[in-house]
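# Architecture and fold: a report
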Amino acid sequence: MTKVKFNLLSAGYCEANRSHALRKSSSKTIKFYATYAHIEHPVFGHILFDSGYASRFYEATKNYPFKIYAKITKVFIDEKDEAKNILKKKGIHPSDIKFIIISHFHADHIAGLRDFPNAEFICSNVAYQDVKNRKGISALKRGFVPSLMPDDFESRTKFLSFDDATKEVDYLGKTIDLFKDESILICQLEGHAKGQIGALLNTDKKTFLISDAAWLKQNYIDLHLPNPIVRLFFDSWSNFKTSLYKVHNYHKAHPETQIIPCHCEETLKELTYSK
Ligand SMILES: [Zn+2]
């Protein structure tokens with residue numbers, strides 16, 4: 001089993017209401033950080049899981065209908081905080097990134113993709129088929145902003161199908177062993193967005209990147225559901241609940257595993273301070 005190193009970083013944030021993320025909680029504006037993971041594999045090199053926001057989001061959402069997106073979610077991203085610039089500061093050039101795993105195609109996960117010219121993309125085929133031909137309102141309804149996608153996306157992408165999944169993991173079902181060395185196992189976390197995937201990393205303390213299967217740690221620890229109003233933006237509420245239970249049960253069985261919801265400020269801060 002090959003070990004990988006992992007670092008949680010963030011590129012911008014949007015404002016959200018705590019009462020939407022946790023039903024029946026008090027109304028309070030909170031920050032939804034757009035986190036992404038930098039993973040170092042001893043053979044395959046630098047890998048990202050998602051990319052966070054990039055300032056091209058503003059340009060991409062300037063005109064109708066995508067300006068509705070920018071209006072609904074107030075986004076804050078400074079060029080200096082973009083993934084490519086934060087990584088450069090760590091001595092990693094954008095062209096050093098070899099792979100980017102895309103959990104799903106919402107703008108806060110893909111806005112930085114164009115900044116990594118050598119990266120091979122990895123995503124669920126189901127997720128891509130669901131968005132690829134959408135334009136205008138139809139794309140907007142999926143939280144998908146087509147102009148954020150690299151022009152050569154299809155020729156640079158490995159499309160995953162869970163028909164080929166080989167490794168069974170308790171509570172998570174069939175997973176894809178990405179590099180055939182058990183360093184990164186990809187699992188299905190349907191519901192929030194069609195074909196959403198998560199990644200179980202073989203780090204020192206195991207790490208489970210769950211993307212938006214939960215927004216805050218309270219969602220998966222206490223099974224505290226979001227406000228039903230967010231169903232409007234989800235692909236399937238019942239699949240979302242199934243995925244949340246998967247993560248909850250996995251957490252109970254493996255309390256030592258660090259679980260990373262993409263937008264949880266508390267989780268981001270815990271990881272940043274523990275270094
Ligand atoms: Zn999302």
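A brief look at the structure comes next. (Residues numbered from 1 in each chain as written. Predicted model: local features only at pLDDT ≥ 70, side-chain atom pairs only at ≥ 80, totals over all residues.)

Extensive coverage of strand E11 (residues 197–201) is indicated by the burial of 5 of its 5 residues. The two faces of E11 match: Ile 197, Ala 199 and Leu 201 on one face and Gly 198 and Leu 200 on the other face are all buried. Note: strand E10 (residues 184–188) against E11, 5 bridges, orientation antiparallel. Residue pairing across strands places Cys 187 opposite Gly 198, the latter belonging to E11. When E11 meets strand E12 (residues 207–211), the two strands line up antiparallel, connected through 3 bridges. Residue pairing across strands places Leu 200 opposite Phe 208, the latter belonging to E12. Counting the residues in the hairpin turn of E11 and E12 gives 5 residues. (Buried ≥ 20, exposed ≤ 12 C-beta atoms within 10 Å, placed from the backbone. Helix = DSSP H or I, 4+ residues; strand = E, 2+ residues; numbered from the N terminus. Pairing = 2+ DSSP bridges.)

A few words on helix H9 (residues 237–253). Residues three or four positions apart in an α-helix share a direction because the helix packs 3.6 residues into each turn. In this model H9 runs 24 Å from its N-terminal to its C-terminal C-alpha over 17 residues, within 8% of the 24 Å that 1.5 Å per residue would give. Of the residues making up H9, those classed as buried are Phe 240, Ser 243, Leu 244, Lys 246, Val 247 and Tyr 250. Projection of H9 onto a plane perpendicular to its axis shows the buried side chains occupying an angular sector of 150°, all on one side. Away from its buried face, by an angle of more than 90 degrees, H9 presents the exposed residues Ser 238, Lys 252 and Ala 253. On its buried face, H9 is in contact with E12, helix H8 (217–221) and strand E13 (258–261). (Expected span 1.5 Å × (residues − 1). Arc of directions from axis to C-beta. Contact = placed C-beta atoms within 7 Å.)

Spatially, the 7 strands line up as an open sheet ordered E4-E1-E2-E3-E5-E6-E7, and their pairing is mixed. Among the strands making up the open sheet, the edge pair consists of strand E4 (75–76) and strand E7 (157–160). In terms of strand pairing, strand E3 (residues 45–49) meets strand E5 (residues 97–101) through 4 bridges, oriented parallel. Residue pairing in the sheet places Leu 48 in a bridge with Ile 100 of E5. In the packing of helix H10 (residues 265–273) onto the sheet, the strands contacted are strand E1 (5–17) and strand E2 (29–41), and the crossing angle to E2 comes to about 45°. (Axes fitted to C-alpha atoms, helices over the stretch in contact; angles between N-to-C directions.)

Our focus in this paragraph is the sheet that holds strand E9 (residues 173–177). Read across the sheet, 6 strands follow the order E8-E9-E10-E11-E12-E13 without closing on themselves; strand pairing throughout is mixed. This sheet does not close on itself; its edge strands, each paired only once, are strand E8 (167–169) and E13. Going across the sheet, the axis of each strand differs from the next one's by a mean of 30°, ignoring polarity.

Let us look at the pairing of E10. Among the 5 residues of E10, 5 are classified as buried, and the element is accordingly described as predominantly covered. Across the two faces of E10 the burial is the same, with Ile 184, Ile 186 and Gln 188 and Leu 185 and Cys 187 all buried. Pairing of E9 with E10, which is carried by 2 bridges, proceeds in the antiparallel orientation. Among the inter-strand pairings, Ile 176 is bridged to a residue of E10, identified as Ile 186.

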